[in-house]
Amino acid sequence: MSPQVTFKSTEDKAPAPAGVPAPRLRDAVRSPFVPSHGTAPSELPPAPVGLEDLGPAAALRVVGPEREIWLQGMQSNDLAAAPLGGAVEGTFLGGKGRLVAEALLWRYAGEVIITTDPARLEKLKAHLDKLLIMEDAELQDAQGLRRLRWFPGVTSFEAEGFEGPLGFELLLPEAKAQELLATVPERAQGIEAYRIALGVARFGLDLDEETTPIEAGLDRMISFGKGCYVGQEVVAMATYRGRVAWNLVRLEVEGAAPALGSRLDPARGAKGRVTSAVRVGAVSVLLGYVHKESIVPGALVLLEDGRAARVLGLPFGSKPGGGVCA
């Protein structure tokens, strides 16, 4: 029988101040992939099963009585929507609405821990340092934590964490993470193919410092009701006035995967390009930027090699609306 792993106390998860009651357990159960816009690929890669070790957490800790008020104005999502011990996804933006970093904001009694891509940590820290002026909050490095991602399968698994687009994310002290890795033998495989097929954008491939969250379809990381934050005016304009000419979409093409950077709709210029690609059976599934006129599911977009790629729809969690998308 496969082991069942259950965390039952605050000592078994990311550190929280003493005396905080253990939050309600959550069951990490995989749901079938249903696109938020358009259709799924004609062929999906096998869903990963088991644990993925994301390595030591690239993390910042924010403490102080005004930590949550300050962070509400620094990033795009509603931190107050996260339960204690849970997290929300958010984007940190520059003044022109372009991405500084994506992050998970883990909300605890007494602190918020921000985890991000290791390659973005120093940029994010410098960005936040400049914006922490008069607030009664302090930004610190958060050491000794490890990120894991759980893809449910044979092993029964219950834990507190964050149910993300790919799997169930956990933030644990290093010793507890190593204990879990030793206890649960399954290691997830094929994660990159699964990511592309679902349409989950990745910094360094589908996203960079010139990308806005609306172009990238990061709707799930944006709250339109919480109030102002850095870059919010650009996001609002792009949403309600339709000021986005290019959008990241999911596509499918018969045969081999095109090279990353290959032109999409090359007659329109250099903006259209393939950013992620993987072959799945007889077809290849892609992520790439196309002109707004071509984001309708079923639209055909030429690759620079002459093949026609079919648009499947917007990225994971993204929906048309507000004049941004057709």
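We now turn to the structure provided with this report. Everything quoted here is computed from the prediction, not taken from an experiment.

Rules used throughout
Residues numbered from 1 in each chain as written. Predicted model: local features only at pLDDT ≥ 70, side-chain atom pairs only at ≥ 80, totals over all residues. Heavy atoms only, no water. Helix = DSSP H or I, 4+ residues; strand = E, 2+ residues; numbered from the N terminus. Buried < 20%, exposed > 50% of the residue type's maximum accessible area, 1.4 Å probe, protein only. Polar contact = N/O pair within 3.5 Å; in protein donor to acceptor, adjacent residues only side chain to side chain. Contact = heavy atoms within 4.5 Å. Salt bridge = Lys/Arg side-chain N within 4 Å of Asp/Glu carboxyl O. Pairing = 2+ DSSP bridges. Core = buried A, V, L, I, M, F, W, Y, C linked by side-chain atoms within 4.5 Å. Axes fitted to C-alpha atoms, helices over the stretch in contact; angles between N-to-C directions.

Attention shifts here to the overall build of the protein chain. Secondary structure summary: the protein chain contains five helices and 17 strands in total. The buried share of the protein chain, taken over its 326 residues, is 54%.

Right, let's talk about the side chain of arginine 107 for a bit. Here arginine 107 shows up in strand β6 (residues 99–108). For arginine 107, the side chain forms a polar contact with the main-chain oxygen of alanine 82, separated by 2.7 Å. Apart from the residues lying within four places of it in its own chain, the contact partners of arginine 107 are Glu68, Leu79, Ala80, Ala82, Pro83, Leu84, Gly85 and Gly86.

For the structure shown, the criterion picks out 21 salt bridges. Arginine 195 is the salt-bridge partner of glutamate 192, the closest N and O atoms lying 2.8 Å from each other. Of this pair, glutamate 192 and arginine 195 are both found in helix α4 (residues 191–198), three residues apart, which corresponds to roughly one turn of the helix. In this structure, arginine 202 and glutamate 192 form a salt bridge, with 3.3 Å as the shortest nitrogen-oxygen distance. In this pair, arginine 202 is assigned in the loop between α4 and α5 (232–240) and glutamate 192 in helix α4, connecting sequence segments 10 residues apart. Note on arginine 202: relative accessible area 39%, which makes it partly exposed. A relative accessible area of 33% places glutamate 192 in the partly exposed class. Salt bridges sharing partners connect three or more residues here, namely Glu52, Arg147, Arg149 and Glu169.

Once that is clear, we can look at the sheet that holds strand β3 (residues 50–56). In a beta sheet, neighbouring strands pair by backbone hydrogen bonds and run either parallel or antiparallel. The antiparallel open sheet is built from four strands, whose spatial order is β3-β9-β12-β11. Only two strands of the sheet have a single neighbouring strand rather than two, namely β3 and β11 (162–163). Of the pairings in the sheet, the one linking β11 to strand β12 (residues 168–173) comprises two bridges and is antiparallel in character. Residue glutamate 163 lies in a different strand from β12, and its bridge partner there is phenylalanine 168.

This paragraph deals with the nonpolar core. In this structure, Leu99, Leu207, Ile214, Leu218, Val235, Val278 and Val285 are the most contacted members of the largest nonpolar core, which totals 23 residues. Contributions of two or more residues to this core are made by α4, α5, β14 (273–280) and β15 (283–291). Aside from chain neighbours lying at most four places away, what touches valine 285 is Pro41, Glu43, Ile196, Ala197, Leu251, Glu252, Ser276, Ala277, Val278 and Val280. Of all hydrophobic cores here, the second largest spans 21 residues; its members include Leu60, Leu124, Leu128 and Leu139.

Let us now look at the environment of glycine 288. Tracing the chain through its elements places glycine 288 in strand β15. Placed 27 residues apart in sequence, glycine 288 and glycine 261 show a C-alpha to C-alpha distance of 8.8 Å.

Attention shifts here to the environment of aspartate 129. Mapped onto the fold, aspartate 129 is located in helix α2 (residues 121–131). Take aspartate 129: its relative accessible area is 43%, and that puts it in the partly exposed class. Sequence spacing of aspartate 129 and leucine 139 is 10 residues, and the spatial spacing of their C-alpha atoms is 7.5 Å.

Turning to the sheet that holds strand β5 (residues 87–93), a few remarks are in order. Spatially, five strands are ordered β5-β6-β7-β4-β8 in an open sheet, and the strand pairing comes out antiparallel. The open sheet has two edge strands, β5 and β8 (138–141), and neither has a second partner. Taking each pair of neighbouring strands and ignoring which way they run, the sheet shows an average axis angle of 30 degrees. Where β5 lies against β6, seven bridges are found, and the strand directions are antiparallel. When the sheet's bridge partners are listed, threonine 91 is paired in β6 with glutamate 102. Those strands touched by α2 are β4 (58–63), β5, β6, β7 (111–116) and β8, and its axis lies near 20 degrees from that of β4.

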